[in-house]
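Coordinate analysis (summary)
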Number of protein chains: 2
Amino acid sequence: MFKVRLIDMKQGAYEALLHVEDANELGVHPLDRIKISSDKGSLICVANTTDSMIKKGEIGVFTEARHEMGLAEGEEVNVLLGEKPASLKFIKKKITGQKLSRDEIYSIIKDVVNNNLSDIELSAYVTAVSIREMDSDEIVNMIDAMVENGEKITFDKSPIVDVHSIGGVPGNKYALLTIPIVAANGVTIPKTSSRAITSPSGISDTMEVLAPVALTAQKIKHIAETVGGTLAWGGGVNMAPADDKIIRAEYPLSLDPRGQVLASVLAKKKAAGIQYLLIDMPTGRGVKVETEDDARRFAQDFVELGRRVGIKVECAITYGSQPVGRAIGPALEAREALMALEGKPVSNSLIEKSCSLAGILLEMVGAAERGKGRAIAEETLKSGKALAKIKEIIQAQGGDPSVTSDQIKVGQFKFDVLSQEDGYVEKIDNYSVIQICRMAGAPKDKGAGMLFHKKQGNQVKKGELVYSIYADNEKKLEWAKSLAQKIPPVSLGGMVLGRVPDYKTI
Amino acid sequence: MFKVRLIDMKQGAYEALLHVEDANELGVHPLDRIKISSDKGSLICVANTTDSMIKKGEIGVFTEARHEMGLAEGEEVNVLLGEKPASLKFIKKKITGQKLSRDEIYSIIKDVVNNNLSDIELSAYVTAVSIREMDSDEIVNMIDAMVENGEKITFDKSPIVDVHSIGGVPGNKYALLTIPIVAANGVTIPKTSSRAITSPSGISDTMEVLAPVALTAQKIKHIAETVGGTLAWGGGVNMAPADDKIIRAEYPLSLDPRGQVLASVLAKKKAAGIQYLLIDMPTGRGVKVETEDDARRFAQDFVELGRRVGIKVECAITYGSQPVGRAIGPALEAREALMALEGKPVSNSLIEKSCSLAGILLEMVGAAERGKGRAIAEETLKSGKALAKIKEIIQAQGGDPSVTSDQIKVGQFKFDVLSQEDGYVEKIDNYSVIQICRMAGAPKDKGAGMLFHKKQGNQVKKGELVYSIYADNEKKLEWAKSLAQKIPPVSLGGMVLGRVPDYKTI
């Protein structure tokens, strides 16, 4: 018998810790499996070993395993060598380049969701899929497996639509316009989206400036069925949780295998009860999809796979070579979106993109005639119906519906960058913009980000304001400033703006 | 400033633990890098997060990082977002299938040795190498990098020879004969070997029955230069430590990419100062190398790579389809080897293999004429010089040189399996033998293992003893017995021995 020592640390898997001498006696190597049994049941865990943290005769039990087994400090349990999870064989099969069957993929996804794989094993799977790729049968099976192993939302209404961006372009706050436009036309659009992982602000981060976004599945269903739309954080619902665990392993090496992206998006949307899905695919320099040819292939895969899993998919290839609109960062983007809804002057690119996407969605479900969707969307925006609708959504999610764009608090520390010469804006570099905004504190610091007073193709005179950096914190503004000097975000008429010994401040 | 909380647990990398709120404020995601600074210096660590194990404002520091920085409980340190290790770029490059340069491989190996890679990152590398493979330039660079990043032994004598088995065949205790035979002929043979990972007994586990095997580099050098040979555990010396860390990541999926095996063996031997190396390559059913064609290709790679890193390599393709000798398990194998050295009757296969390998080694360095090596080896064995030499080695390593084979204590619990019919032994299954021995407690329980009274091709009469299982512990004997019923180790004249409702015991 072993005495339980609770170790309150999440490992991402069921894991336990043995003293090396006990491990030797049991014939357990690090990362072998052990079976822990108490009178309440038993659990297979990944074994780690130590010669100091716990004593011989003790077993350290980490957070996930402790909760699963309901163990208490000092409790006595039995420990034996355990069997390896079945899916290890199938991961190895993928490594050797063989196609996986439906059952094999289900086995892997089940072990991923059930915390049965160690980091080393999960990473081997992610790397193998990245190199060997998955064919469309495998992707379909993976989508089904991810959906079945997680929470689902089922709506009593139909049709249910959504729009999803294949990320990469900063400032992409279109959904704060598109969702209320579509909902104001009587089409149910329960948008769920992720928080920013590597970008300055995800739709959820931006919406969170206006209202809470962590909603339960029940609440999403209720709001969508009564108000017509949500702007919720998908992470508040346990949909396709395998996907999140896989993404965690992809993150350190920025692996982003296309098969996994397809499976990830379609699984989340299928679990969310979506029947019609529009994919916004920003294409261009410095985003995930760089060429139109590539975008068309990727779009075709989405459409085809959507058909196989029962989602009607259309794709919009959008311009992605510079930020959408003028604002980047949660509060700056929320303010710009509200300004557009309030009818105040904003960048054309934002209005055009939001209304085009809304128009396609309306056409997809027959709420607008083919070719008329965009005009209806523009009218919905102009009439103030979209503003009224987002206020309903804000209220339903628990925010203050009386909010106006001029009440939005942006970063109190600001740095303005002026042009050193006459010319025109040749390029705004997405990568540089993203890094500078993150250095300024986005998305965690809601007020942090950048505002562009000039965009691609604009004339600029010497001394004119080109862009500003915002931060909630003076030190982070300094870091962002010095990064902007190292990787200038704006190229001016072939010259790089700001590559001068010192910047001018106003 | 953060307050240090020591967490006495080895992570295999420099790792630390932040409270999720602190991580958010710093912009740190799980597995991002943080830079911890104290007045004694700074260290880049892999960041983990918790919402309970430590408090906001505290930083948990795991064993490796704590030792590296010399931190004390409660000490104050500074924490910032840190840069990712350079080698992540090169791991990703390998994932995409590109060839790595010498500098890139050195960067990866350095980060592996210096605990800079998380499990997820290390596993991605191992998986990528397994799928993409390495060409011979890459393997040579990896060998050099592994040797340079570790301890080395340099001998004042020459030539220095060694023999290494590409594992897989159980009962392979040949080295306990081969090493003293070679040394008794005046050739220096400082053998280092590993402990069993998945087999019932490695050479080190077997030798440990007779003498301590955990020797320092200095001691190995001294014994080899005075006595002529060692039978030491390689893990007692920090040679090519990157290799051990890579093997740890390969273990859970039993990945064994050939390029890594070549690099691993040659790096360890180069670090150990070996100039002439004989590879024993057991070939056949149920071992690593299954066909002779495959063995020849693998052997050719060893010879060619050896040439490029300055080791003269020869390979012996040996019979691997059944165990070597009759005994499997540390004490049983040590006893069988001693019996052979004492001139007592043992299995011919053991004598033949040990003397053949010794003969080739003697010929390789000119201590025997081409074609005469084996006869000299047999004579050395028969004359008792090999027995005298192993006693010198046992004494030098700290064991009792007066030991005799009948003093070796084998498992006190024994189970004999009798034949149920007349016939002949058609097959002894290596896989089954290995599993049964391990279930009986080998290699940790020195007395555990199996002894075969009949081998392949032998006539067997009904009621005759075929094999025995030994254990130090009654329960483990029961487990091993029931496993032997599930996966019978011996096939008799086309019939499977022991697939009957109950065994007979004597």
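Residues numbered from 1 in each chain as written. Chains lettered and ligands numbered in written order. Predicted model: local features only at pLDDT ≥ 70, side-chain atom pairs only at ≥ 80, totals over all residues. Heavy atoms only, no water.

Each assigned domain of chain A is listed here: domain 1 (2-82), domain 2 (161-237 + 265-397) and domain 3 (413-496). Domain 1 of chain A and domain 3 of chain A are separated by 52 Å when their C-alpha centres are compared. (Domains from an automatic or database assignment.)

Residues and elements named next belong to chain A. Around the barrel, which closes on itself, the six strands sit in the order E1-E5-E2-E4-E3-E6 with mixed pairing between neighbours. Sheet twist, expressed as the average angle between the axes of neighbouring strands with direction ignored, equals 45°. Where strand E2 (residues 15-19) lies against strand E5 (residues 58-62), three bridges are found, and the strand directions are antiparallel. In the sheet register, Leu17 faces E5, and the bridge partner there is Gly60. (Pairing = 2+ DSSP bridges. Helix = DSSP H or I, 4+ residues; strand = E, 2+ residues; numbered from the N terminus. Axes fitted to C-alpha atoms, helices over the stretch in contact; angles between N-to-C directions.)

On to the packing of aromatic side chains, then. In this structure the tally under the stated criterion is four aromatic pairs over all chains. Relative to A:Phe302, the ring of A:Phe298 has its centre 5.3 Å away and its plane inclined at 40°; by these criteria the two rings are tilted. One end of the pair, A:Phe298, and the other, A:Phe302, are both in helix H12 (residues 292-309), four residues apart, so they sit about a helical turn from each other. A:Phe302 sits in the buried class, given a relative accessible area of 0%. Between B:Phe452 and B:Tyr467 the ring centres are 5.6 Å apart and the planes differ by 35°, which places this aromatic pair in the tilted class. Of the two residues, B:Phe452 is situated in strand E15 (residues 449-452) and B:Tyr467 in strand E17 (residues 465-471); the sequence distance between them amounts to 15 residues. Exposure remark for B:Phe452: the relative accessible area of 2% places this residue in the buried category. (Phe/Tyr/Trp six-rings, centres within 6.5 Å; stacked < 30°, edge-to-face > 60°. Buried < 20%, exposed > 50% of the residue type's maximum accessible area, 1.4 Å probe, protein only.)

Two strands pair when backbone bridges link them, and strand E1 (residues 2-7) of chain A and strand E6 (residues 76-82) of chain A are joined in this way by two bridges, in the antiparallel orientation. Paired with A:Lys3 across the bridge in E6(A) is A:Glu76.

Positionally, B:Leu80 belongs in strand E6 (residues 76-82). Counting along the chain gives 57 residues from B:Leu80 to B:Ala23, while the straight-line C-alpha distance between them is 9.8 Å. Leaving out residues up to four positions away in the same chain, B:Leu80 has contacts with A:Trp479, B:Arg33, B:Ile34 and B:Lys35. (Contact = heavy atoms within 4.5 Å.)

Attention now moves to the pattern of salt bridges. Residues and elements named next belong to chain B. Throughout the structure, instances matching the rule amount to 74 salt bridges over all chains. Between Lys414 and Asp416 there is a salt bridge, and its shortest N-O distance comes to 3.5 Å. Taking the relative accessible area as the measure of exposure, Lys414 reaches 40% and is therefore partly exposed. Between Lys481 and Glu478 there is a salt bridge, and its shortest N-O distance comes to 3.4 Å. (Salt bridge = Lys/Arg side-chain N within 4 Å of Asp/Glu carboxyl O.)

Next up on the list: the relation of the copies chain A and chain B. Note on the identical chains: chain A maps onto chain B by a rotation of 179° and an axial translation of 0.0 Å, with an RMSD of 0.1 Å. Both copies are brought into coincidence by an operation consistent with a two-fold rotation axis. Both copies present the same face, since 100% of the interface residues in chain A are matched by interface residues at the equivalent positions in chain B. (Least-squares fit on C-alpha atoms with pLDDT ≥ 70 in both.)

Moving on to the packing of helix H6 (residues 136-148) of chain A against H12(A). Residue and element names in this part refer to chain A. Taken N-terminus to C-terminus, the directions of H6 and H12 make an angle of 55°; their axes are 10 Å apart at the nearest point. In terms of axis orientation, H6 runs oblique to H12. Considering the relative orientation of H6 and H12, their crossing is right-handed. For the pair formed by H6 and H12, the contact residues are Ser136, Asp137, Ile139, Val140, Ile143 and Asp144 on the first element and Leu305, Arg308 and Val309 on the second. Of the residues belonging to the contact of H6 with H12, the class tally is five nonpolar, one polar and three charged. (Parallel < 35°, antiparallel > 145°, perpendicular 65-115°, else oblique. Left-handed = near helix turned anticlockwise from the far one by under 90°. Nonpolar A, V, L, I, M, F, W, Y, C, P; charged D, E, K, R; others polar.)

Here helix H14 (residues 348-364) of chain A spans 24 Å end to end across 17 residues, near enough to the 24 Å set by a 1.5 Å rise per residue. All buried positions along H14(A) are accounted for by A:Leu350, A:Lys353, A:Ser354, A:Cys355, A:Leu357, A:Ala358, A:Gly359, A:Leu361, A:Leu362, A:Glu363 and A:Met364. (Expected span 1.5 Å × (residues − 1).)

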